[in-house]
Amino acid sequence: MDTTNAHHDTSEDAEAPDTHVQTADNTQAKQTAPVPADSSPTEDSPATTALAEPTTASSTNEPSPWHTRLHSPAAGWAATAIATIVAALIRLPGLDNVRTLVFDETYYVKDAWSLLTLGYEGTWPNNYDSSFVAGNVSGLSAAGGYPVHPPTGKWIIAIGMKIFGQTDPVGWRITTAICGIITVFLLCRITQNLFRSPALTLLAGLFLATDGIAIVMSRTSILDGFLAMFALAAFFCFVKDQQMSRPTLAHKLTEWDGIGAPRGGWHDLGEFLHGRDRRGFMVGPNAGRRPWLLAAGILCGLASSVKWSGIYVLACLGLFVAIREVTYRWRLGHPSPIRGALIADVWWAFILMVPSAILTYIASWIGWFMHPQAHGHGRSGIPGFAGALADLWLYHKEMWTFHTGLTTPHTYQSNPYTWLTQVRPTSFHWANDATITGCASGNCATNVVALGNPLLWWIGIGALLVVIVATLWYRNWRSGVILAGYLALYAPWLLYAHRTIFTFYTVAFVPFVALAVAWMISLLAGFVTVDGVPEAVLPPRHTVITGRVMAGVLIVAILGCALYFMPLWRADVVDYDFWRAHMWLPSWI
C-alpha cells in the first residue's frame, strides 16, 4: 500500500505555485499534468491552482485601469467597509427606542445580569420585568434557575450590561448590535473570498445589512444573533481552508507518480464505478496542516454554546470537507479517491474539528462548574470532576426533553415549512395608546416586528432553486457553500415542525438568503456564471444590457422595500395608517 506523504507534518503546506506560464500569444501553457476537458476553476483543477479566484476570459485586450481597480482586492475591502458601515448606522442608533424587555429578552437579559452577579443563572420571581427595568434586582435568588440554553450568548449580553449598567436598554442590546454588524462583515468577506467580485460582495452585504430579520435580531437581546455570527465565522474558516489546502494538494498530486488521467463528467464516473478505472489501493499526498479547520471547529463549539443548532453547522461543514476531499482527488485522477481521502485527510479534519468543538463547548460551562449552587449539580452522586461531567450530561438530557417536548401553543409560532415565505412574523413589541406621540395624525403606533424584507425572501425562493441547480448539476462548489448554509441552519428545523418555534430563528441563515439573492442577481448582470467558469464567448450586447437592467430593477426594488419597512424594524413612531399599510398579509398582524 502506497502511503506517500500521508503524514501531516509536511513543510509543503504553502499554497501551490502558479502552474502556468505566459506564452507569446497571450495564452496559458500548463507545466504539469493534463487537465480534464470539462474541468474548471470551480472544480479546482491543477490547471487553475488559484481556487480562490475565478479568472476572466482570455483576451488580447488589456483591461482598463478602472476595470482593474473595480475588481481588485482593495475594491472588495471597500465594498465590505460600505456594507459594514450601513449595518452599523442602522443597528446602533435608537437601541433604547423600546425601554422595556421584549419577548424572550425577559429570560436572557435577566440571566445575563445573574451571571454577572452570581456567576451562574439564579432564580427570578414571576412577572418581575417592570421591577428589573426600574433597577430593582433584589428579587434575584441564589437558588439555581433552570436555563434551557448554554451560557455563552448570555455572557456576551452581560458584557454590555457591565459597561452601560443594568437599567440601560443600550446595555442590554449593544453586544447583539455589534455582533450583527460583525455578521455583515463576515458575509462580505466570505463572498469576496468565494467569488472575487466586489459588486457581488457589496450586494450581499447590503441585502443583509438592510434585512428586517437581521436588523430586529441585532437590536434585540436574544441569543439567535450570536448563533448566526459564530456559524458564519465557521463558514468563513471553511472557505479559507479550501483556499489554502486545494492549491497545496493540487501541487502535490500533480507531482505524485501514482496519479492517473484527470476525470470529468458522467462517462468517467461510470467508468470508475464499474471498476474499469481502478489502479489499486494507494493513499497519496495530503493537503498539509489545516489551521483554518481547527478554527472552524472552535467556532462551531462557540455556536453550539449559544444554541445547540451549532451542532448542525459542525456536521454539515465536516461532511462538506469530506466530500471535497473525495471529489477533488477523483477529478485529478487519484486511483482510489475515497480511501485516499479518508486516510490522508478526512481523519485529520475530523481530529481538528470535532474534539476542538466539544472542548470549546464544555469550556463554555465553566461558570456552572465553579458554582455548585447552579441547577443540575449533584444528580449523579459521583464525586469530583467526573461527577460534575455526569451531572452536566444529565442536565443536558433534561434540556433535550424540554426542547423536543415544547408544544405549548403561542400566538406567533410558525411552521418552518413557511419560513422562506415569511408568512407568520414574530411581533416583539406593539404600542398604540395615548403614551405614543409624535406622529402627524395623532393616532400613533410603534412596532418591532421580526419580518424579513418580503421582496428579498420571496425572490430568495427562486434564488435557492438556482443555487441547487448550480451545485448539483453544474458542480459549482462555491454555490454549494450557500446551499450548505441552508442545510445546516434551516433544514434541521423541518424535523421539528411539531414544536413551538418562531420565524425569527431564520436569522441564523438569513446571511445565506442574502448571498443567494445577490449571487442570482450577479448572474443576471454577468458578474458570475452559473458553473463558475468564465464564458468563452461574450453574449450579445442586448443580452448583457437586458440582464443588467433586470438586475438593477431587482436591486432597487429590494433596497426600496427595506427602506419602506425600516420604521417597523427599529420601533420608530409612525401613524397607525402607515403601520396598517405595511400589513400586506393578514397573517402579519
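Residues numbered from 1 in each chain as written. Predicted model: local features only at pLDDT ≥ 70, side-chain atom pairs only at ≥ 80, totals over all residues. Heavy atoms only, no water.

1. Quick look at a nonpolar patch on the surface
Defined as follows: Each patch is built from residues that are more than 30% exposed by relative accessible area and take part in no salt bridge. Like charges join if they lie within 9 Å; nonpolar side chains (Val, Leu, Ile, Met, Phe, Trp, Tyr) join within 5 Å. Throughout, the Shrake-Rupley method with a 1.4 Å probe supplies accessible areas, and for residues the shown protein chains are the sole cover considered. A pair is scored as a salt bridge if a Lys or Arg side-chain nitrogen falls within 4 Å of a carboxyl oxygen belonging to Asp or Glu. Strands here are runs of E lasting at least two residues and helices are runs of H or I lasting at least four, both read from the DSSP assignment and numbered beginning at the N terminus.
On the surface, a nonpolar cluster with roughly 420 Å² of combined accessible area is contributed by W458, I461, Y564, F578 and W584. Summarising the element assignment, I461 is placed in helix α16 (residues 454–472).

2. Topic: the packing of helix α6 (residues 169–195) against helix α18 (residues 510–525)
Our working rule: Only the contacting stretch of a helix is used when fitting its axis, a line to C-alpha atoms as for every element, and angles between N-to-C directions run 0 to 180 degrees. To sort the angles, those under 35 degrees are grouped as roughly parallel, those over 145 as roughly antiparallel, those from 65 to 115 as roughly perpendicular, and the leftovers as oblique. Take the far helix as your reference; a near helix turned counterclockwise from it by less than a right angle gives a left-handed crossing, and one turned clockwise gives a right-handed crossing. In what follows, a contact means two residues having at least one pair of non-hydrogen atoms within 4.5 Å.
Axis separation between α6 and α18 bottoms out at 11 Å; the angle between their running directions is 40 degrees. By the angle class used here, α6 and α18 are oblique. With respect to the hand of their crossing, α6 and α18 are arranged in right-handed fashion. On α18, the residues that touch T183, L187, T191 and F195 of α6 are P511, A514, L515 and W519.

3. With respect to the side chain of T503
Stated formally: Each residue is placed in one exposure class: buried if its accessible area under a 1.4 Å probe, protein chains only, is under 20% of its type's maximum, exposed if it is over 50%, and partly exposed if it falls in between. Each polar contact in these results corresponds to two N or O atoms within 3.5 Å; when the atoms are within protein, one needs to be able to donate a hydrogen and the other to accept it, and residues that are neighboring in sequence are counted only if both atoms are side-chain atoms.
For T503, the position within the fold is in the loop between α17 (477–489) and α18. Take T503: its relative accessible area is 1%, and that puts it in the buried class. At 2.9 Å, the side chain of T503 and the side chain of S414 are in polar contact. Polar side-chain contacts of T503 include one of 2.5 Å to the backbone oxygen of R424. Ignoring anything within four residues of it in the chain, the contact list for T503 reads I213, S414, W419, Q422, R424, P425 and T426.

4. Details of the nonpolar core
One broad rule of soluble globular proteins: the nonpolar side chains tend to lie buried together. We apply this condition: As used here, the term nonpolar core means buried Ala, Val, Leu, Ile, Met, Phe, Trp, Tyr and Cys residues forming a set that is joined through side-chain atoms within 4.5 Å.
One finds F428, Y486 and F509 to be the most contacted residues of the largest nonpolar core, which totals 127 residues. Ranked by the residues each element gives to this core, the list is headed by helix α9 (residues 224–255), at 13 residues. Residues in contact with F509, not counting those within four places in the same chain, are W419, L420, W457, G485, Y486, L489 and Y490. Residues Y120, W365, W368 and F369 belong to the second largest nonpolar core, which totals 11 residues.

5. Overview of the packing of aromatic side chains
Stated formally: Here is the rule: rings of Phe, Tyr and Trp (six-membered ring for Trp) pair when centre to centre is within 6.5 Å. Planes less than 30 degrees apart are stacked, more than 60 are edge-to-face, and the remainder are tilted. In this analysis the charged atom, NZ for Lys or CZ for Arg, is taken to sit over a ring once it is within 6 Å of the ring centre and within 35 degrees of the ring normal.
Evaluation of the coordinates by the stated rule reveals 45 aromatic pairs. Look at F502 and Y505: their rings are 6.1 Å apart centre to centre, the planes differ by 85 degrees, and that puts the pair in the edge-to-face class. Taken together, the aromatic side chains of F103, W419, F428, W457, Y486, Y490, W493, Y496, F502, F504, Y505 and F509 make up a single cluster linked through ring pairs. Positioned above the aromatic ring of Y328 is the side chain of R246, whose terminal nitrogen or guanidinium carbon lies 5.1 Å from the ring centre.

6. Details of the environment of T248
Tracing the chain through its elements places T248 in helix α9. Sequence spacing of T248 and P285 is 37 residues, and the spatial spacing of their C-alpha atoms is 9.8 Å.

7. Some remarks on helix α19 (residues 541–569)
This is how the line gets drawn: The length a helix should cover is 1.5 Å for every residue beyond the first. Axes are fitted to the seven residues ending at a residue and to the seven starting at it; the angle between these axes is taken as the bend at that residue.
The end-to-end C-alpha separation of α19 is 41 Å, in line with the 42 Å expected for 29 residues at 1.5 Å each. L563 marks where α19 bends most, by close to 30 degrees; the proline P567 follows one to four residues later. G547, A551, I558, C561, A562, F565, M566, P567, L568 and W569 are the residues of α19 that are buried. Just downstream of α19, A571 is the residue with a positive phi angle, here 65 degrees.

8. Focus on the pattern of salt bridges
In the structure shown here, the tally under the stated rule is 13 salt bridges. In this structure, D129 engages K110 in a salt bridge whose closest nitrogen and oxygen atoms are separated by 2.9 Å. On the criterion of sequence distance, the pair formed by D129 in helix α4 (residues 129–133) and K110 in helix α3 (residues 105–118) is long-range, its members being 19 residues apart. Ionic pairing is found between D345 and R290, a salt bridge with its closest N-O pair at 3.5 Å. One end of the pair, D345, is in helix α13 (residues 337–363); the other, R290, is in the loop between α10 (265–273) and α11 (291–304), and 55 residues separate them in sequence. R290 shares its class with D345; the two are buried.

9. Quick notes on the pairing of strand β3 (residues 426–431)
To be explicit about the condition: Paired strands, in this sense, are two strands between which DSSP finds at least two bridges.
Burial analysis of β3 places 5 of its 6 residues in the buried class, which makes it a mostly covered element. One ladder, built from 5 bridges, connects β3 with strand β4 (residues 444–450); its direction is antiparallel. Across the sheet, the residue bridging to S427 is V449, located in β4.

10. Looking at the environment of P125
If you trace the backbone, P125 turns up in the loop between α3 and α4. Look at P125 and you get partly exposed, because its relative accessible area is 35%. In this structure, the C-alpha to C-alpha distance between P125 and G139, residues 14 residues apart in sequence, is 6.3 Å.

11. Considerations on the pairing of β4
Extensive coverage of β4 is indicated by the burial of 7 of its 7 residues. Judged by which residues are buried, β4 turns out to be covered on both faces: C444, T446, V448 and A450 on one side and A445, N447 and V449 on the other are all buried. Bridge analysis of β4 against strand β5 (residues 573–575) gives 3 bridges, and the strand direction is antiparallel. The residue of β5 that forms the bridge with C444 is D575.

12. Concerning the sheet that holds β3
What the 3 strands build is an open sheet, ordered β3-β4-β5; its pairing is antiparallel. Both outer strands of the open sheet, β3 and β5, are each paired with one neighbouring strand and no more. Strand after strand, the sheet turns through a mean of 40 degrees between neighbouring axes, direction not considered. Where α19 meets the sheet, it contacts β4 and β5, and its direction lies at approximately 105 degrees from that of β4.

13. With respect to the state of the cysteines
Inclusion rule: In what follows, a disulfide is any cysteine sulfur pair within 2.5 Å.
For the coordinates displayed, the defined rule picks out 1 disulfide. The disulfide that involves C439 links it to C444, with 1.9 Å between the sulfurs. Its S-S torsion of approximately -95 degrees makes the covalent link between C439 and C444 left-handed. Residue C439 is classed as buried on the basis of its relative accessible area of 15%. Of the residues examined, C444 reaches a relative accessible area of 3% and is grouped as buried.

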